[in-house]
Amino acid sequence: MASPSVSLHRIRAPVQRAIANASLSASATARSYATVPTNTPEPSSSSPPSSSKPARRPTYFKDTTIASFDEFVSSKSSASLAPGEAYQLRTAEVGPASNRRTITRLPEWLKTPIPAGNDNYKKIKADLRGLGLHTVCEEARCPNISECWGGSNKNAATATIMLMGDTCTRGCRFCSVKTNRKPPPLDPHEPEHTAEALARWGLGYVVLTNVNRDDLEDGGSHHFAETIRKIKAKKPSLLVEALTSDFWGNLDMVKVVAESGLDVYAHNVETVEALTPYVRDRRASFRTSLKVLEHVKKVRGQEGIITKTSMMLGLGEQEHEVVDALKQIRNSGVDVVTFGQYMRPTKRHLQVEKYVTPEEFEMWRQRALDMGFLYVASGPLVRSSYKAGEAFIENVLRKRAGENTSAGSVTGKLTDAMTIAVEDAIKTGGA
């Protein structure tokens, strides 16, 4: 006779299998898709629920597009907007329904074309990579890179070469250049490679800049000066602008660069004095920047060199603060000033407080000229290295040098430079 436990086990097994099958079929009928159409009609309370199509949980995903494809493609036949409508900022709501937020869309006058398809752009980039050089155009994500690198030929192009590597020892809250306390050592061949690249392009005006190298005893000033001397040795007629750091306020290092044979000494104050501690690295200051620019004039004389600085607008500065900054800059003997819109590189950087309109930039240009500046470039997409500004400065320098150029030719070149500036203002303002 079989034991009672074995008999109970045989009886229980079929019952367990039946219960398991019933639970599986129940879960299968209740299963639904994660993404459902938004136009699915919800069952009314009066009609009995359908067993074949159970009610589905609504989700954030939709089966319809946000807009038609035509709205993403610009039409040549579309009428141009009036200035008042074009300057009006537009907002958009993003995020799920439970956490919607409103963002400000990028104004039309700040949108620039993608440069990747331009052959000249590719040639310049290949030259730079082949010689192991870096540019602030790429590292700082400059919006004008397609205009500066994408000209009809390389001789008409402009690229700002960044010396001493691509890693900075400071961490300004507006800049997208990589930062590290101990960057790689300097490349001893960089001065020669830079001079070779610039001689190959056949430019008439070039801008050199550098990352801050607070890890070096001289801040990299002798490396900078050696690069300028190499360039001048290969092509004496090439005009060189140096956009330097503040070298910790060490005026002896500023003198090393100023006496290296450059033609334009630039150092940016970046913003008004009140915002400097929040915008720039804590080791930089507005007063130190003014001392650097003032000392250059003492070393080379008022007419011996052109000094230049740049300011960003849209960081929350007040009108009286900008006026006060301009007065202090002019009193320090600075000849050229540029204004441009601050554009946030990433979400880790400072937020844009205001998108300044082209009309306001034109107002600041006029006010700066009234203060006695030699040249002012002001516009949403203007950066410290500005092609029209470089054309103007180039002609001023050659005129001061007393080259054999007729007065009519010089005047024509100056007129051309100003025409470029006006055309750029119209282009960025009426986009």
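Residues numbered from 1 in each chain as written. Predicted model: local features only at pLDDT ≥ 70, side-chain atom pairs only at ≥ 80, totals over all residues. Heavy atoms only, no water.

## Some thoughts on the overall build of the protein
Of regular secondary structure, the protein possesses 14 helices and twelve strands. When the 431 residues of the protein are sorted by exposure, 42% land in the buried category. Here the analysis covers contacts within the protein between residues at least 6 apart in sequence; of these, 72% occur between residues at least 24 apart. (Helix = DSSP H or I, 4+ residues; strand = E, 2+ residues; numbered from the N terminus. Buried < 20%, exposed > 50% of the residue type's maximum accessible area, 1.4 Å probe, protein only. Contact = heavy atoms within 4.5 Å.)

## Quick word on the packing of aromatic side chains
For the coordinates displayed, the defined rule picks out one aromatic pair. A cation over a ring is seen here: Arg170 above Trp248, with NZ or CZ 5.7 Å from the ring centre. (Phe/Tyr/Trp six-rings, centres within 6.5 Å; stacked < 30°, edge-to-face > 60°. Lys NZ or Arg CZ within 6 Å of the ring centre and 35° of its normal.)

## A few points about the pairing of strand β10 (residues 306-313)
For β10, the buried fraction is high: eight of the eight residues fall into the buried class. Side chains Ile306, Lys308, Ser310 and Met312 of β10 all project onto a buried face; the interleaved residues Thr307, Thr309, Met311 and Leu313 project onto the opposite face, where all are buried too. In the sheet, strand β9 (residues 264-266) pairs with β10 via three bridges, with the strands oriented parallel. Each residue of the ladder has a partner; that of Tyr265, found in β10, is Thr307. In terms of strand pairing, β10 meets strand β11 (residues 336-341) through six bridges, oriented parallel. Counted as the bridge partner of Met312 is Gly340 from β11. Between β10 and its parallel partner β11, the chain crosses via helix α11 (residues 319-331), and the hand of that crossover is right-handed. (Pairing = 2+ DSSP bridges. Right-handed = clockwise from strand over helix to strand, strands pointing away.)

## Focus: the nonpolar core
Core analysis: the largest hydrophobic core is formed by 33 residues, its most contacted members being Leu198, Leu208, Phe224, Ile228 and Tyr265. Excluding its chain neighbours within four sequence positions, the residues that come into contact with Leu208 are Ile161, Leu163, Thr194, Leu198, Phe224, Thr227, Ile228, Ile231, Val240, Glu241, Ala242 and Leu243. In terms of nonpolar packing, the next biggest core, distinct from the first, is built from 29 residues, Met311, Ile329, Val334 and Trp364 among them. (Core = buried A, V, L, I, M, F, W, Y, C linked by side-chain atoms within 4.5 Å.)

## Concerning the side chain of Ser289
Tracing the chain through its elements places Ser289 in helix α10 (residues 286-300). When its relative accessible area of 0% is taken as the criterion, Ser289 is described as buried. Reaching out from Ser289, the side chain makes a polar contact with the side chain of His267 at a distance of 2.9 Å. If we skip the residues at most four places from it in the chain, Ser289 touches His267, Asn268, Val269 and Arg280. (Polar contact = N/O pair within 3.5 Å; in protein donor to acceptor, adjacent residues only side chain to side chain.)

## Concerning the side chain of Ser378
As for its position among the elements, Ser378 is in strand β12 (residues 375-378). Reaching out from Ser378, the side chain makes a polar contact with the backbone oxygen of Phe361 at a distance of 2.6 Å. With residues up to four places along the chain from it excluded, the contact list for Ser378 reads Phe339, Phe361, Glu362, Trp364 and Arg365.

## Regarding the pattern of salt bridges
Within the structure shown, the criterion is met by 17 salt bridges. One salt-bridge network, in which partners are shared between bridges, spans Arg170, Asp214, Asp246, Asp281 and Arg283. (Salt bridge = Lys/Arg side-chain N within 4 Å of Asp/Glu carboxyl O.)

## A few points about unusual backbone geometry
A positive phi angle is found at Trp248, which is not glycine, with a value near 60°. Within the element layout of this structure, Trp248 appears in the loop between β8 (239-243) and α8 (251-258). The exposure class assigned to Trp248 is exposed, which follows from its relative accessible area of 52%. The phi dihedral of Glu270 falls on the positive side, at around 75°, and the residue is not glycine. Tracing the backbone through its elements, the reader meets Glu270 in the loop between β9 and α9 (276-279).

## Concerning the packing of helix α7 (residues 221-234) against α8
Where α7 meets α8, the closest approach of the two axes is 8 Å, and the angle between their N-to-C directions is 10°. Here α7 lies roughly parallel to α8, going by the angle between them. Listed contacts from α8 to Ser221, His222, Phe224, Ala225 and Ile228 of α7 are Met253, Val256 and Val257. When its residues are assigned to classes, the contact of α7 with α8 shows six nonpolar, two polar and no charged. (Axes fitted to C-alpha atoms, helices over the stretch in contact; angles between N-to-C directions. Parallel < 35°, antiparallel > 145°, perpendicular 65-115°, else oblique. Nonpolar A, V, L, I, M, F, W, Y, C, P; charged D, E, K, R; others polar.)

## Describing the state of the cysteines
For the coordinates displayed, the defined rule picks out zero disulfides. Unpaired in terms of disulfides, Cys168 finds its nearest cysteine sulfur in Cys172, a separation of 6.7 Å. Between Cys175, a free cysteine, and Cys172, which holds the nearest cysteine sulfur, the sulfur-to-sulfur gap is 6.4 Å. (Disulfide = S-S within 2.5 Å.)

## Some thoughts on helix α6 (residues 190-201)
An ideal rise of 1.5 Å per residue puts 16 Å on twelve residues; α6 measures up with 17 Å between its terminal C-alpha atoms. Along α6, the residues classified as buried are Glu190, Pro191, Thr194, Ala195, Ala197, Leu198 and Trp201. The arc that holds the buried residues of α6, viewed along the axis, is 160°, so those residues lie on one side. (Expected span 1.5 Å × (residues − 1). Arc of directions from axis to C-beta.)

## Here's the deal with the packing of α10 against α11
A pair of packed helices can be characterised by two numbers: the angle between their axes and the separation between those axes. Between α10 and α11, the least distance of the axes is 9 Å, while the angle of their chain directions is 30°. Overall, the two elements α10 and α11 adopt an arrangement that is roughly parallel. Residues Phe286, Arg287 and Leu290 of α10 touch α11, and the partners they reach there are Ala325, Gln328 and Ile329. The residue makeup of the contact of α10 with α11, split by class, is four nonpolar, one polar and one charged.

## With respect to the confidence of the model for the protein
Model confidence for the protein is summarised by a mean pLDDT of 76, while 60% of its residues fall at 70 or above. With pLDDT under 50 throughout, residues 32-36 is counted as low confidence; its partners more than four residues away or in other chains account for ten contacts. Across residues 404-431, confidence stays below pLDDT 50; counting only partners more than four residues off in sequence or on other chains, it has 26 contacts. (pLDDT = per-residue confidence, 0-100.)

## With respect to the environment of Val264
Tracing the chain through its elements places Val264 in strand β9. With relative accessibility at 0%, the residue Val264 sits in the buried group. Residues Val264 and Leu239, 25 residues apart in the sequence, show an inter-C-alpha distance of 8.2 Å. Beyond its immediate stretch of four places on either side in the chain, Val264 contacts Tyr205, Val240, Glu241, Ala242, Ile305, Ile306, Lys308, Ile393 and Leu397.

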